[in-house]
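Notes for the structure review
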Amino acid sequence: MHSKSSRKEEKSQAQKINTLFTNYKYGFHTDTKSKLVIPKGLNEKIVRQISKIKEEPKWMTDYRVKAYKEFVKRPMPNFGPSLEGINFDDIHYYIRPQDKTQNKWEDVPAEIKETFDRLGIPEHEKRSLAGSGAQFESEMIYHSIKESLSKKGVIFDSIDQGLKKYPELFKEYFGTIVPYDDNKFSALNSAVWSGGSFIYIPKNTYVDLPLQAYFRINTESMGQFERTLIIADEGSFLHYIEGCTAPVYSKDSLHSAVVEIIVKKNAHVQYTTVQNWSLNVYNLVTKRAYAYENAEMIWLDCNVGSKITMKYPSIYLVGDNSKGEIKSLAMAKDNQCQDTGGKIIHMGKNTTSKIIAKSICKDHGNASYRGLLKATKSARNSFNYSKCDALILSPEARSDTIPKISIDDPTASIAHEASIFKIDDSQLFYLMSRGLPQDTAVSEIVNGFANPIVSELPMEYAIELKRLLEIETE
Amino acid sequence: MTKNFSLIITPEEAKKLFLHKSEPIIVKLDKPDTLAEILVMIKGEKDQKYDFAITVIHSAPHTKSRIYVRSVLEGSSSVNFAGTARINEEADFSDTDLSHHTLLLSENSKTNTLPAMEIISNTAKGNHAATIGRINEEILFYIESRGINELQAKKLIAKNFLKADISKLETLKK
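First things first, this report covers the structure right here in the doc. (Residues numbered from 1 in each chain as written. Chains lettered and ligands numbered in written order. Predicted model: local features only at pLDDT ≥ 70, side-chain atom pairs only at ≥ 80, totals over all residues. Heavy atoms only, no water.)

**Re the overall build of chain B**
What counts, and what does not: Helix and strand assignments follow DSSP, with helices taken as H or I runs no shorter than four residues and strands as E runs no shorter than two, numbered in order from the N terminus. Put simply, the radius of gyration uses C-alpha atoms, and a globule should come to 2.2 Å times the residue count raised to 0.38. In what follows, residue pairs with any heavy atoms lying within 4.5 Å of each other are defined as contacts. Accessible surface is estimated by sampling points in the Shrake-Rupley manner with a 1.4 Å probe; for residues, cover comes only from the protein chains shown. A residue counts as positive if it is Lys or Arg and as negative if it is Asp or Glu; His and the chain ends are not included. Lysine's charge is taken at NZ, arginine's at CZ, aspartate's at CG and glutamate's at CD.
Along its length, chain B carries 4 helices and 10 strands. When the helices and strands of chain B are listed from N to C terminus, the series reads β-α-β-β-β-β-β-β-β-β-β-α-α-α. Here the C-alpha atoms of chain B give a radius of gyration of 17 Å, agreeing with the 16 Å that 2.2 N^0.38 yields for 174 residues. Considering only contacts in chain B between residues 6 or more positions apart, those separated by 24 or more positions represent 82%. Carbon and sulfur atoms make up 53% of the accessible area of chain B, which totals about 8700 Å². Charge separation in chain B, taken as the distance between the mean sites of 24 positive and 23 negative side-chain charges, equals 4 Å.

**Side note on the side chain of A:Thr401**
The cut-off we apply is this: For the exposure calls, accessible area comes from a 1.4 Å probe over protein chains only, and a residue counts as buried if that area is under 20% of its type's maximum, exposed if over 50%, partly exposed in between.
Its place among the elements puts A:Thr401 in strand 22 (residues 398–407). You can call A:Thr401 buried: its relative accessible area is 4%. Every residue in contact with A:Thr401, bar those within four places of it in the chain, is listed here: A:Tyr369, A:Cys388, A:Ala418, A:Ile420, B:Pro115, B:Ala116, B:Met117 and B:His128.

**Structural notes on the state of the cysteines**
Residues and elements named next belong to chain A. We count it as follows: Throughout, a disulfide means two cysteine sulfur atoms within 2.5 Å of one another.
Scanning all chains against the criterion turns up 0 disulfides over all chains. Just so you know, Cys337 is unpaired, no disulfide at all, and the nearest cysteine sulfur is the one on Cys361, 10 Å from it. According to the relative accessible area criterion, Cys337 is buried, its value standing at 10%.

**A few points about a positive patch on the surface**
Residue and element names in this part refer to chain B. What counts, and what does not: The patches described consist of residues with a relative accessible area above 30% and no salt bridge, like charges being joined within 9 Å and nonpolar side chains (Val, Leu, Ile, Met, Phe, Trp, Tyr) within 5 Å. Salt-bridge detection follows one rule: a side-chain nitrogen of Lys or Arg within 4 Å of a carboxyl oxygen of Asp or Glu.
A cluster of like positive charges, contributed by Lys15, Lys43, Lys46, Lys155, Lys159 and Lys163, occupies part of the molecular surface. Broken down by element, the positive patch gets its largest block of residues, 3 residues, from helix 3 (residues 150–163). Tracing the backbone through its elements, the reader meets Lys163 in helix 3. Judged by its relative accessible area of 44%, Lys163 falls in the partly exposed class.

**Quick look at the pattern of salt bridges**
Scanning the entire structure with this criterion turns up 26 salt bridges over all chains. In this structure, B:Asp165 engages B:Arg70 in a salt bridge whose closest nitrogen and oxygen atoms are separated by 2.8 Å. A residue pair is termed long-range when its members are at least 10 positions apart, and B:Asp165 in the loop between helix 3 and helix 4 (170–173) and B:Arg70 in strand 6 (residues 64–73) qualify at 95 residues. Of the two residues examined, B:Asp165 and B:Arg70, each falls in the buried class. Ionic pairing is found between B:Lys168 and B:Asp165, a salt bridge with its closest N-O pair at 3.1 Å. The network of salt bridges with common partners includes A:Glu242, A:Lys287, A:Asp301 and A:Lys311.

**Considering the interface of chain A and chain B**
Heads up, the condition is: Counted as a polar contact is a pair of N or O atoms within 3.5 Å, where, for protein atoms, one must be capable of donating a hydrogen and the other of accepting one, and residues adjacent in sequence contribute only when both atoms are in side chains. Ten residues, namely Ala, Val, Leu, Ile, Met, Phe, Trp, Tyr, Cys and Pro, are considered nonpolar, four, namely Asp, Glu, Lys and Arg, are considered charged, and the remaining ones, Gly among them, are considered polar. What makes two strands pair is DSSP finding at least two bridges between them.
The partner chain B presents 32 residues to the 33 residues of chain A that form the contact. Between the two partners, chain A and chain B, sit 2 salt bridges. A salt bridge links B:Glu118 to A:Arg398; its shortest N-O distance comes to 3.4 Å. At the boundary of chain A and chain B, one finds 16 residue pairs in polar contact (both at pLDDT 80 or more). Taken together, the elements giving at least two residues each to the side of chain A that touches chain B come down to strand 22 and strand 23 (413–422) of chain A. Its residues assigned to classes, the side of chain A that touches chain B shows 15 nonpolar, 9 polar and 9 charged. As paired strands, strand 23 of chain A and strand 10 (residues 125–133) of chain B are joined by 7 bridges and run antiparallel to one another. Following the sheet pairing, A:Ala418 is matched in strand 10 of chain B by B:His128.

**A look at the packing of aromatic side chains**
All names here are of chain A. Put simply, the test is: Centres within 6.5 Å are what make two rings of Phe, Tyr or Trp a pair, Trp counting through its six-membered ring; a difference in plane orientation under 30 degrees is then read as stacked, over 60 as edge-to-face, and the rest as tilted. When the NZ atom of lysine or the CZ atom of arginine is within 6 Å of a ring's centre and also within 35 degrees of its normal, the charge is said to sit over that ring.
Summed over the entire model, instances satisfying the criterion amount to 22 aromatic pairs over all chains. Centre to centre, the rings of Tyr93 and Phe225 are 5.4 Å apart; their planes meet at 15 degrees, and the pair counts as stacked. Highlighted residues: Tyr93 in the loop between helix 3 (58–73) and strand 2 (95–96) and Phe225 in the loop between strand 7 (211–216) and strand 8 (227–232), separated in sequence by 132 residues. Note on accessibility: Tyr93 and Phe225 belong to one class, buried. Put simply, the rings of Trp59, Tyr63, Tyr166, Phe170, Phe174, Tyr180, Trp193 and Phe198 touch in pairs and so form one group of aromatic residues. Note that Arg64 overlies the ring of Trp193, its terminal NZ or CZ placed 4.5 Å from the centroid. Positioned above the aromatic ring of Phe71 is the side chain of Lys184, whose terminal nitrogen or guanidinium carbon lies 4.4 Å from the ring centre.

**Observations concerning the packing of helix 10 (residues 425–433) of chain A against helix 11 (residues 438–454) of chain A**
Residue and element names in this part refer to chain A. Put simply, the rule is: To obtain each axis, a line is fitted to C-alpha atoms, and for helices this fit is confined to the stretch in contact; angles are then taken between N-to-C directions over 0 to 180 degrees. Small angles under 35 degrees read as roughly parallel and large ones over 145 as roughly antiparallel, with 65 to 115 read as roughly perpendicular and the rest as oblique. Left-handed describes a crossing whose near helix is turned anticlockwise from the far helix through less than a right angle; right-handed describes the clockwise counterpart.
Between helix 10 and helix 11, the shortest axis-to-axis distance is 9 Å and the interhelical angle comes to 125 degrees. As far as their axial angle goes, helix 11 and helix 10 are oblique. Every pair of crossing elements has a handedness; the one defined by helix 10 and helix 11 is right-handed. Residues Gln427, Leu428, Leu431 and Met432 of helix 10 form the contact with helix 11, whose own contacting residues are Gln438, Ala441, Val442 and Ile445. Looking at side-chain class alone, the contact of helix 10 with helix 11 contains 6 nonpolar, 2 polar and no charged residues.

**Observations concerning the packing of helix 2 (residues 44–53) of chain A against helix 3 of chain A**
All names here are of chain A. Two elements in contact, helix 2 and helix 3, have axes separated by 9 Å at closest approach and are oriented at 150 degrees. Comparing their axes, helix 3 and helix 2 come out roughly antiparallel. In this structure, the crossing between helix 2 and helix 3 has a hand that is right-handed. Contact with helix 2, carried on its side by Glu44, Val47, Arg48, Ile50 and Ser51, involves Met60, Thr61, Arg64, Val65, Tyr68 and Lys69 of helix 3 and no other residues of that element. Residue composition of the contact of helix 2 with helix 3, grouped by class: 5 nonpolar, 2 polar and 4 charged.

**So, the side chain of A:Thr286**
All names here are of chain A. Tracing the chain through its elements places Thr286 in strand 13 (residues 281–291). Exposure remark for Thr286: the relative accessible area of 8% places this residue in the buried category. Of note is the side chain of Thr286, whose polar atom sits 3.3 Å from the side chain of Asn183. Not counting residues up to four positions away in its chain, the partners in contact with Thr286 are Val178, Asp182, Asn183, Ser186, Ala257, Val258 and Val259.

**As for the pairing of strand 14 (residues 296–303) of chain A**
Residues and elements named next belong to chain A. Most of strand 14 sits out of view: 7 of its 8 residues are buried. The pairing of strand 14 with strand 17 (residues 323–332) spans 8 bridges and is parallel. The partner of Met297 across the bridge, within strand 17, is Gly324.

This is the structure we're talking about:
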């Protein structure tokens, strides 16, 4: 706990920082009392400031500055949907609602608690979810790990605490899977990251309950630059769930996360996402995993919300006999654009992978699949099966399928298929002749189409997503 | 039915047309009820580099396109193929099918495939498929057990692999 004097100190520090910037403005959506607000926009000074507030070691400050310079230098991506709507000068790059990450529910302020109550966080925990890290604005504020997990040596902490408590482990892996100069948005995240999870699973440890983190954006024009680092040591097992919901704002918001996962020999990691940002969020995410010998990595990615999503979870099958799987579901309505897909790179011998992508588009929505499948010369007997299906529900909707396949391994066996179709009138007639109204019939068909992905989700998410799809297709 | 279009590119023609960077083939289907079929057979050997693109644009209702590409690669040959099928809003009830199948016979052969679809009509149907593989050992064994030596057997398999899509061409059936 904080002593009174240190609190006072921080408060005065906060005041000092605020007076540093003349154009400082409050722009809150709710009455949450954020104690520290850095003005909108980004420059080297702000990057250094963020690092200073977080009391980071010098190497991290340097890393952030280096990343910021890369971000400025890099052009915007030359593919996919238009990102012209993003005004980088009109975004808050750092806010934190509380001074400390808390462990006890009672200590969480009432107004924030209310938000979480609506999201069902305590219930989730009651239902014996192993640990519950909840992100409100920029930082983990509520974080608890069941004792049994701590006893096993599992680390499930906010990424900021990870850097403080386990500096060596952190430095060894941070930025190794997604380097800061990977793309423009990984550079932005590397410069201003805050919040996210830090997970380490020791050797031969089986985490039998899924770990969960709930994310939420709550301040207008607030960018969330969450960063997650997961290290699954040899022979371990982990299922991590990330779910997102956010209220609707009038101004555009930016969410640019980086997720790095290291799956060591014989380990198994599944990363599940249910993304339901409000319709004004730009969701530009870099997610990547390295799978070593005999390891298995699964991405389960469901995208329902946001204005524009560009997300291509990747798996590098580095070790021999490693396995990768990407299951993706995207739903685009109104003027949404879901530019999703996946990338798999076969590098080790006898590696296998599977991609199943389903997309649904409606109104003026655009749901696309953009993928890369690569087998390098070093890969032998690599095997892949990928299947992309798209369902178009209205005349104005649009669906693109762009899978790139690049094979240098002559012993590879690769099969890809894609199909785009609409709801068949005969199917609709059949259901309606059985007494279902048209709306219900359509949503039943949509649910049936999405079922191979939805059924893979844990129960409460499957129900939530099914309900969401029903609402979306109404 | 109005005028249908079919194009068969044999391995010899492919050699003339697609070696090194070539101009993209663009097929525009702007009359209703038309069918376009393109069949490409590629036999890559030595250090040949095939690089080509085929784009089909549907802009009239009830149009159909079929693109079948097959390549057999030997030596250090490689294929770079980008196939795009686009069905515009006005092309209701149109239908596209694109496939690229590759048989890799040697250690250094390479392939790059980009089969893309852009569908802006909700009454349209689209399919594409791509496979990459080598000769199935079981099939090879079967043929060899019938008294044909390995080299001959491989040639036989490769030849039939290339020709496999010809029977699908509707314009030839009539």
